[in-house]
Amino acid sequence: MGLHASGTNDPKEVRNWRIHLLAFAVSMSAMAIGYDSSFIGGTQALVSFKRDFGLNVQSQHVRDTLAGNIVSTFQAGTFFGSLLTFPIAEKYGRKKGMVLSSIVFFIGAAIMAGSGGRLSMIYAGRAVTGLGIGCASLIVPVYIAETSPPSIRGRLVGIFEILSQGGGMLGFWINYIVDRTVDPIGPTQWLIPTALQLVPGALLFAASLLAPESPRWLCQQDNWDQARINLTFLRMLPRDHEFIKGELTGIKEQIDFEASKSGAETFKGKVKEMCSKGNRNRIGIGLILMACQNLTGVNIITFYSPRIFETLGITGTSTKLFATGFYGVAKTLGMVIFSIWLVERLGRRKGLIYGAFIGSLPMWYIGGYVMKADPAKVAAAGQYSRNGWGYLAMVCVYLYGFIYCMSWQGITWVYCSEIFPIGIRMICVAITTADQWFWSFIVSRTTPYMITSLGYGTYFFFASLMVLMGIWAFFFIPETKGLTLEDMDRLFGVPERSGNGNGSDGDFFDGGEKGKDKTEFVERVRREGSL
């Protein structure tokens, strides 16, 4: 087997159409995530929604509060959904967890579609859809990472993010289309984008029923025969192929290592393991990454895009929704470039560093433009003329979304889905995913007030945070590109396992020089990714 471009020993057969199609199918949950995150901001701007839900008769402060409530109930649901799902995915498997998440999401979408002008049902529906999304956002990236070969793991988890941004783009454009084409007299105008949530929920349900269970989860259940069958199916290799044996070898070594620890299967044992050397640093990195992803400021545009373009002097509902639609295009394009080309070439660490420093530049400019020109005040006075500096500010919004999605958006999910050991992987990803939704809740809840009260200071605040994130990533993020999931222990400093693993367990092991080459490869990656 020759080396792949990313430095792995994966044979070309494992980078097949089947594994790509599987990642695409289960990533229907990501489309739901993106759609639900983006459509609600534009839907709240529709004339029919404001009228039917009484927003048109409220003061700006009350509208800010209601907008924050509608958006943030979704994040609250995702927070609890990601935490409550952990025991389900551990006991019953990744496949059944995905099926459950699609059902819960579908119920929440139906509640919103049947709300009939009652804000209480919008809140309830957003919370329930959030529960389903929280469940899926935990399980699906882990499922993709567990079923992917190392050489394209970043790309396949990136498909999850491509569909997330694609769903967001659809949400933006659907609001624009219904605003332009549907009569606002009845509820149809806001009902169409609300009811369309049902589509990705149904697609995820169908995909989850057809998806094979994760081989790594089956190995944890001591179902090695089915694990080998599923792995053979996914890799499109013969059952006795050297690569299949080697992959099962790594899984077995780590499971045996985890099982050798006293009380490892209990919740107390898992907590103890999370706090041990080589794991507590991973938890810390994951928590900070997920917090930073939200503190880049991306959600101030995603959730409240019409308000953001209003501060840039763009007036009229249709015009603001049209401008927002191109923001969705920019983010999706950035995510495609990241997944198809960047993630397995540039790597995780460099992507975070460059993305933070370069991505802060458009945010600095937007803040400076709003401070100098105060376009919202000018537009409110009835003066609508714009100059090149104003158009450049709009370009910077798109440029920011493009750069963010090429770096921090995708890398954080890839990184947190791949770095944890198999024994505590699901609980660790549950914690980091809940952390992501917690910070998303904080940002979405406070943003309307920040925009109203701080104005240009909002942009300067998030730009400053991005610079600090780049400095942190430079010093503390090790590179994981090209490593197997089982190789992460050595990279993050877990004490060496006892035994040499050279054939004592039959055909699970290859042993010998290959193990030595693997150790040297991991050590080389560790040196190159550290200072």
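Residues numbered from 1 in each chain as written. Predicted model: local features only at pLDDT ≥ 70, side-chain atom pairs only at ≥ 80, totals over all residues. Heavy atoms only, no water.

By the naming in an unreviewed UniProt entry, the protein goes by General substrate transporter and is assigned to Choiromyces venosus 120613-1. What UniProt records for the protein under Subcellular location (unreviewed entry) is the sentence "Membrane". Listed under Sequence similarities (unreviewed entry) in UniProt, the entry text for the protein is "Belongs to the major facilitator superfamily. Sugar transporter (TC 2.A.1.1) family." (UniProt positions renumbered as here; feature names shortened; annotations may be inferred.)

Quick notes on the pattern of salt bridges
Counted under the stated rule, the structure contains 11 salt bridges. For R94, the salt bridge identified is with E90, shortest N-O distance 3.1 Å. Taking the relative accessible area as the measure of exposure, R94 reaches 0% and is therefore buried. We classify E90 as buried; its relative accessible area is 15%. Taking the shortest distance from any N to any O, the salt bridge between E90 and K270 comes out at 3.8 Å. (Salt bridge = Lys/Arg side-chain N within 4 Å of Asp/Glu carboxyl O. Buried < 20%, exposed > 50% of the residue type's maximum accessible area, 1.4 Å probe, protein only.)

Comments concerning the confidence of the model for the protein
On average, residues of the protein score 81 in pLDDT, and 83% of them are at 70 or above. Note on residues 1-6: pLDDT is under 50 here. Beyond four places in sequence and across chains, it has 14 contacts. A low-confidence stretch, residues 499-518 (pLDDT under 50), is modelled with 26 contacts involving residues beyond four sequence positions or located in other chains. (pLDDT = per-residue confidence, 0-100. Contact = heavy atoms within 4.5 Å.)

What about the environment of F338?
As for its placement among the helices and strands, F338 is situated in helix α16 (residues 317-342). Between the C-alpha atoms of F338 and G154, which are 184 residues apart in sequence, the distance is 9.2 Å. Excluding residues that lie within four positions of it along the chain, F338 makes contacts with G158, V343, C405, M406, G410, I411 and V414. (Helix = DSSP H or I, 4+ residues; strand = E, 2+ residues; numbered from the N terminus.)

Focus on the packing of helix α17 (residues 348-373) against helix α22 (residues 456-476)
Where α17 contacts α22, the two axes come as close as 8 Å, and the packing angle between them is 165 degrees. On the basis of the axis angle, α17 is roughly antiparallel to α22. By crossing handedness, the relation of α17 to α22 is classed as left-handed. Counted by class, the contact of α17 with α22 contains 20 nonpolar, 7 polar and 1 charged residues. (Axes fitted to C-alpha atoms, helices over the stretch in contact; angles between N-to-C directions. Parallel < 35°, antiparallel > 145°, perpendicular 65-115°, else oblique. Left-handed = near helix turned anticlockwise from the far one by under 90°. Nonpolar A, V, L, I, M, F, W, Y, C, P; charged D, E, K, R; others polar.)

Focus on the packing of helix α7 (residues 153-181) against helix α20 (residues 408-418)
Running from N to C, α7 and α20 cross one another at 130 degrees; their axes reach a closest spacing of 9 Å. Comparing their axes, α20 and α7 come out oblique. Crossing angle aside, the handedness with which α7 passes α20 is right-handed. Taking contact as the criterion, the partners of R153, G154, V157, G158, E161 and Q165 in α7 are, on α20, Q409, G410, W413, V414, S417 and E418. Of the residues that constitute the contact of α7 with α20, the class distribution is 3 nonpolar, 6 polar and 3 charged.

Focus: the nonpolar core
In terms of nonpolar packing, the biggest core is built from 88 residues, with V26, I144, L289, W408 and I477 touching the most fellow members. Ranked by the residues each element gives to this core, the list is headed by helix α6 (residues 119-147), at 10 residues. For this core, the domains that each give at least three residues are domain 1 (12-211) and domain 2 (266-493). If we skip the residues at most four places from it in the chain, I144 touches A23, V26, S27, L156, V157 and F160. (Core = buried A, V, L, I, M, F, W, Y, C linked by side-chain atoms within 4.5 Å. Domains from an automatic or database assignment.)

What about the packing of aromatic side chains?
One pass over the structure, following the stated rule, counts 14 aromatic pairs. On the numbers, 5.0 Å between centres and 70 degrees between planes, the contact of F53 with W190 is edge-to-face. On the criterion of sequence distance, the pair formed by F53 in the loop between α3 (47-52) and α4 (60-92) and W190 in helix α8 (residues 188-195) is long-range, its members being 137 residues apart. Residue F53 shares its accessibility class with W190, and that shared class is buried. Judged by centre distance (6.2 Å) and plane angle (20 degrees), the rings of Y400 and Y404 are stacked. Residue Y400 and its partner Y404 are both found in helix α19 (residues 388-406); the two are separated by 4 residues, about one turn of the helix. Since its relative accessible area comes to 1%, Y400 is described here as buried. A residue is classified by how much of its surface remains accessible, and Y404, at 3% relative accessible area, is buried. A connected cluster of aromatic rings, assembled from ring pairs, spans F79, F80, F438 and W439. Over the aromatic face of F233 sits the side chain of R18, whose NZ or CZ is 4.1 Å from the ring centroid. We note R349 situated over the ring of F474; from NZ or CZ to the ring centre the distance is 5.5 Å. (Phe/Tyr/Trp six-rings, centres within 6.5 Å; stacked < 30°, edge-to-face > 60°. Lys NZ or Arg CZ within 6 Å of the ring centre and 35° of its normal.)

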